[in-house]
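Chain by chain, the residues run as shown.
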Amino acid sequence: QVQLVESGGGLVQAGGSLRLSCAASGRTFSSYAMGWFRQAPGKEREFVAGINWNGFNRGYADSVKGRFTVSRDNAKNTVYLQMNSLKPEDTAVYYCAAIRSSVYYSDHEKYDYWGQGTQVTVSS
């Protein structure tokens, strides 16, 4: 069983940066691959970034490549999403998710646990 809590969202101007954090409970956090997803009003939830159980493999949606970086610190039971060069189209609720797997997936339906989400708003 894993509980996830996101934080770090807020309002930022275009071109600015934010770092999202996802704090996880459980003694076996390192056994889970993690993903970041986002959902804007009227749109489906979409994959943003993923990281495998040991942090060696990472992946990103084409829309955020070169701007976002996902990382994890298993000693702190925390996953991060560093977001740079933010654009208005990045505005969404951002969710972290965990899957009991050594590798991450881009399909949100495969994930076992979800956080409550944190709002990111990028002004033009």
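Quick note: structure is the one above.
Here's a quick rundown of the structure. (Residues numbered from 1 in each chain as written. Predicted model: local features only at pLDDT ≥ 70, side-chain atom pairs only at ≥ 80, totals over all residues. Heavy atoms only, no water.)

Below, the discussion takes up the nonpolar core. Among the nonpolar cores identified, the biggest contains 35 residues, and Met34, Trp36, Leu81, Met83 and Tyr94 are the most heavily contacted of them. At the level of elements, strand S3 (18-24), strand S4 (33-39), strand S5 (46-51), strand S7 (68-73), strand S8 (78-83), strand S9 (92-99) and strand S11 (118-123) are the ones that each hand at least two residues to this core. With six residues, the top contributor of residues to this core is S9. Residues within four places of Tyr94 in sequence aside, it is in contact with Glu6, Leu20, Phe37, Arg38, Val48, Phe68, Leu81, Met83, Gly117, Thr118 and Val120. (Core = buried A, V, L, I, M, F, W, Y, C linked by side-chain atoms within 4.5 Å. Buried < 20%, exposed > 50% of the residue type's maximum accessible area, 1.4 Å probe, protein only. Helix = DSSP H or I, 4+ residues; strand = E, 2+ residues; numbered from the N terminus. Contact = heavy atoms within 4.5 Å.)

Time to look at the pattern of salt bridges. Across all of its chains, the model carries four salt bridges by this definition. The partner of Glu46 in a salt bridge is Arg38, and the shortest N-O contact between them spans 2.7 Å. Given the relative accessible area of 35%, Glu46 is considered partly exposed. Each of Arg38, Glu46, Arg67 and Asp90 takes part in one network of salt bridges that share partners. (Salt bridge = Lys/Arg side-chain N within 4 Å of Asp/Glu carboxyl O.)

What follows is about the sheet that holds S7. Strand order in this open sheet of four strands is S1-S3-S8-S7, and the pairing throughout is antiparallel. Either end of the sheet is taken by a strand with one partner, and the two such strands are strand S1 (4-7) and S7. Strand-to-strand twist in this sheet, taken as the mean axis angle between neighbours without regard to direction, amounts to 15 degrees. Relative to S8, S3 runs antiparallel, the two sharing six bridges. Along S8, the bridge assignment pairs Arg19 with Gln82. (Pairing = 2+ DSSP bridges. Axes fitted to C-alpha atoms, helices over the stretch in contact; angles between N-to-C directions.)

What follows concerns the environment of Ser85. Structurally, the position occupied by Ser85 is in the loop between S8 and S9. Overall, Ser85 belongs to the partly exposed group, its relative accessible area being 42%. With 18 residues separating them along the chain, Ser85 and Arg67 place their C-alpha atoms 6.1 Å apart. Setting aside chain neighbours within four positions, we find Ser85 in contact with Gly15, Gly16, Ser17, Arg67 and Asp90.

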